[in-house]
Amino acid sequence: MEANLDHWAERLRQRLDLPLLVRWKGGAGLKLGQFDMPRVTLDARDAKGIAALLNPSLDNLGEAYVEGHLDVTGSAPDVIEIAHRLAASGSADDDKPGWMGRIARGIADAASHTKAQDRAAIEYHYDVSNDFYAEWLDPRMLYSCAYFENGDETLAEAQTKKLDHILTKARVQPGDRLLDIGCGWGALVLRAAEKFGARCVGITLSQNQHALATERVKAAGLADRIEIRLQDYREVTETFDRITSVGMCEHVGLKNLETYFRVIHDRLAPDGWALNHNITSTDAHNAETSHGGGTFIERYVFPHGELPHISTILSTMQLGGLEPLDAEGLRRHYARTLGCWSNNFEAKADKLKAMVPEKTWRIWRMYLVGCQWAFENDEISVFQVLCRRAGQPARTLPWSRRWMYAPGSGS
């Protein structure tokens with residue numbers, strides 16, 4: 001084991017200068033760069049931890065950390081930066097192609113594990129409480145990209161601005177009937193009813209979200225104007241003047257996007273407006289993020305989630321009978337949002353660890369900071385797309401986008 005680690009460290013030092021110290025069984029450790037004090041220290045607890053280091057995709061490193069085969073000391077941003085640099089080194093060309101992979105496979109095969117353990121890792125599913133999310137989200141508990149109009153807003157201010165930006169962009173008027181697909185804990189429908197005078201239906205498939213959103217509607221005295229349903233979007237039968245969907249279509253699946261947008265078309269009034277807000281791939285062919293990051297998220301965070309490229313959103317929207325009218329990229333905003341979430345998460349580490357299993361805490365810690373890195377570095381993006389039913393006369397369309405940023409200034 002020591003010989004394999006020495007060989008691995010020597011080869012990496014030829015490529016990289018990392019402020020990383022790797023330790024095995026409490027030893028002095030191997031320095032992966034020139035430094036006095038490491039920014040990150042990795043402690044390999046067993047052979048599976050070593051195997052992950054020798055074949056360092058983001059998926060392998062993330063799995064080893066989540067499952068307790070690796071321990072890590074350092075700030076979350078430093079950890080994810082070094083993980084990416086290790087993963088990139090693992091995929092780089094070498095004079096002996098696959099040498100790290102061959103060593104890693106040999107060690108992994110020798111490590112004790114059973115089919116049941118492997119199956120449990122794949123099937124692992126966690127259920128976190130509303131209280132858990134409330135610790136690191138904003139007070140409204142919005143779990144989607146905020147809108148930092150000026151860049152100096154607090155997270156709470158930016159999330160409120162996001163709601164107003166969406167509802168203004170969708171031209172919500174008093175008395176409009178609004179459907180929010182994937183309503184979360186009810187923040188958007190509450191804002192739509194309180195400030196914009198809409199009559200709202202919010203739908204979710206989460207029992208926890210449904211319960212808290214319903215409670216919040218009652219507490220606000222808006223039960224006569226807002227209905228929260230535990231319902232699939234395909235089961236909705238009414239027609240609405242406005243439809244919003246924030247962070248929902250990532251879960252639809254690429255092959256179902258046309259059907260998804262067709263449902264929105266069918267539920268939208270002929271002169272209605274709809275706004276779809278979702279995370280997108282930056283690969284034009286809808287490929288996953290590099291170095292196994294998407295695989296880790298699929299396994300531990302969002303099973304069966306798929307990110308479409310913005311071009312796929314626009315084409316399937318059109319195939320579903322909708323005309324895209326405006327697309328706004330908010331990648332910088334989501335990087336900032338995730339930075340706020342990650343900072344909150346780190347600041348409340350002890351409290352959060354007491355609320356959930358260690359494994360769950362590790363998953364969310366790496367997920368949040370990993371996604372922040374991905375948005376910062378153009379691995380993924382996020383778009384709001386405003387649309388209407390296709391085939392509308394041109395005279396019914398606005399001349400400019402001014403109404404989105406200066407409400408009441410014209411159409």
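For the structure itself, look to the data block above.
Trainee: Would you mind going over the overall build of the protein chain in detail, with residue names and values included?
Mentor: Within the protein chain, the secondary structure is distributed over 17 helices and 11 strands. By sequence separation, contacts in the protein chain at least 24 residues apart represent 73% of the contacts at least 6 residues apart. As displayed, the protein chain offers around 18700 Å² of accessible surface, 49% of which is attributable to carbon and sulfur atoms.

Trainee: With reference to specific residues and values, describe the side chain of Glu-135.
Mentor: Position of Glu-135 among the secondary structure elements: in helix H7 (residues 130-136). For Glu-135, the contacting residues outside a window of four places in its chain are Lys-348, Lys-351, Leu-352 and Met-355.

Trainee: Explain the side chain of Lys-169 to me, and be specific about the residues and the numbers.
Mentor: Take Lys-169: it is sitting in helix H8 (residues 155-169). A distance of 2.5 Å separates polar atoms of two side chains, one belonging to Lys-169 and the other to Glu-328. The residues contacting Lys-169, other than those within four sequence positions of it, are Leu-275, Asp-326, Glu-328, Gln-384, Leu-386, Trp-403 and Met-404.

Trainee: I'd like to hear about the nonpolar core, residue by residue, with values.
Mentor: Among soluble globular proteins, nonpolar side chains are generally buried collectively. Membership of the largest hydrophobic core comes to 72 residues, with the highest contact counts inside it found for Trp-8, Leu-20, Phe-132, Tyr-133, Trp-136 and Trp-364. In terms of residue count, the dominant contributor to this core is helix H16 (residues 358-376) (10 residues). Among the nonpolar cores identified, the runner-up in size contains 28 residues, and Leu-178, Val-189, Ala-193 and Ala-198 belong to it.

Trainee: Could you give me a rundown of unusual backbone geometry, with the residues and numbers involved?
Mentor: Here the phi dihedral of Asn-286 falls at roughly 65°; this positive angle occurs in a residue that is not glycine. Although it is not a glycine, Asp-378 sits at a positive phi angle of roughly 65°. Relative to the assigned elements, Asp-378 resides in the loop between H16 and strand S11 (380-389). Taking the relative accessible area as the measure of exposure, Asp-378 reaches 43% and is therefore partly exposed.

Trainee: Please give an account of the packing of helix H14 (residues 331-347) against H16 that cites residues and values.
Mentor: Running from N to C, H14 and H16 cross one another at 155°; their axes reach a closest spacing of 8 Å. When the interaxial angle is binned, H14 and H16 end up roughly antiparallel. Between H14 and H16 the crossing geometry is left-handed. The segment H14 lies against H16, with Arg-331, Tyr-334, Ala-335, Leu-338, Gly-339, Trp-341, Ser-342, Phe-345 and Glu-346 engaging Trp-361, Trp-364, Arg-365, Leu-368, Val-369, Cys-371, Gln-372, Phe-375 and Glu-376. A per-class count over the contact of H14 with H16 returns 11 nonpolar, 3 polar and 4 charged.

Trainee: Let's hear about the sheet that holds strand S4 (residues 70-73): which residues, and what values?
Mentor: Read from one edge to the other, the open sheet built from 4 strands follows the order S2-S1-S3-S4, with strand pairing classed as mixed. Of all the strands in the sheet, just strand S2 (30-31) and S4 have a single pairing partner and so form its edges. Taken together, the 2 bridges between strand S1 (residues 20-24) and S2 define a ladder with antiparallel strand orientation. The residue bridging Val-22 from the neighbouring strand is Leu-30, located in S2.

Trainee: Describe the packing of aromatic side chains, with residues and values.
Mentor: Summed over all chains, the structure comprises 22 aromatic pairs. With 6.0 Å between their ring centres and 80° between their planes, Tyr-334 and Trp-341 make a pair best called edge-to-face. There is no split in this pair, since Tyr-334 and Trp-341 are both buried. Grouped by ring-pair contacts, the aromatic residues Phe-132, Tyr-133, Trp-136, Tyr-143, Trp-185, Tyr-334, Trp-341, Phe-345, Trp-361, Trp-364, Tyr-367 and Phe-375 constitute a single cluster. Positioned over the ring face of Phe-148 is Arg-336, at 5.3 Å from the centre of the ring. Above the face of the Tyr-65 ring, Arg-362 is positioned so that its terminal group lies 4.5 Å from the ring centre.

Trainee: Break down the pairing of S4 for me, citing the residues and quoting the values.
Mentor: Where burial is concerned, the two faces of S4 differ: the one with Leu-70 and Val-72 is buried and the one with Asp-71 and Thr-73 is not. With 4 bridges connecting them, strand S3 (residues 40-44) and S4 associate as antiparallel partners. Following the sheet pairing, Ala-44 is matched in S4 by Leu-70.

Trainee: Which residues make up the environment of Arg-299, and what values do they have?
Mentor: As for its placement among the helices and strands, Arg-299 is situated in helix H12 (residues 293-300). For Arg-299, a relative accessible area of 17% corresponds to the buried category. Between the alpha carbons of Arg-299 and Asp-59 there is a distance of 9.0 Å; along the sequence they are 240 residues apart. Side-chain polar atoms of Arg-299 contact the side chain of Asp-59, separated by 3.3 Å. Among the polar contacts made by the side chain of Arg-299, one reaches the side chain of Glu-63 at a distance of 2.8 Å.

Trainee: Explain the pattern of salt bridges to me, using residue names and the numbers behind them.
Mentor: Any two side chains of opposite charge can pair if their charged atoms end up close together. One pass over the full model with this rule turns up 25 salt bridges. For Glu-135, the salt bridge is made with Lys-348, and the minimal N-O distance between the two is 3.2 Å. With Glu-135 in helix H7 and Lys-348 in the loop between H14 and helix H15 (349-355), this pair connects stretches of sequence that are 213 residues apart. For Lys-348, a relative accessible area of 34% gives the class partly exposed. Note that Arg-331 is salt-bridged to Asp-378, the shortest N-O span being 3.6 Å. A residue pair is termed long-range when its members are at least 10 positions apart, and Arg-331 in helix H14 and Asp-378 in the loop between H16 and S11 qualify at 47 residues. Among the residues examined, Arg-331 registers a relative accessible area of 29% and is labelled partly exposed. One network of salt bridges, with partners in common, ties together Arg-45, Asp-71, Glu-358 and Arg-362.

Cut-off values and rules
Residues numbered from 1 in each chain as written. Predicted model: local features only at pLDDT ≥ 70, side-chain atom pairs only at ≥ 80, totals over all residues. Heavy atoms only, no water. Helix = DSSP H or I, 4+ residues; strand = E, 2+ residues; numbered from the N terminus. Contact = heavy atoms within 4.5 Å. Areas by Shrake-Rupley, 256 points an atom, 1.4 Å probe, with all protein chains shown as cover. Polar contact = N/O pair within 3.5 Å; in protein donor to acceptor, adjacent residues only side chain to side chain. Core = buried A, V, L, I, M, F, W, Y, C linked by side-chain atoms within 4.5 Å. Buried < 20%, exposed > 50% of the residue type's maximum accessible area, 1.4 Å probe, protein only. Axes fitted to C-alpha atoms, helices over the stretch in contact; angles between N-to-C directions. Parallel < 35°, antiparallel > 145°, perpendicular 65-115°, else oblique. Left-handed = near helix turned anticlockwise from the far one by under 90°. Nonpolar A, V, L, I, M, F, W, Y, C, P; charged D, E, K, R; others polar. Pairing = 2+ DSSP bridges. Phe/Tyr/Trp six-rings, centres within 6.5 Å; stacked < 30°, edge-to-face > 60°. Lys NZ or Arg CZ within 6 Å of the ring centre and 35° of its normal. Salt bridge = Lys/Arg side-chain N within 4 Å of Asp/Glu carboxyl O.

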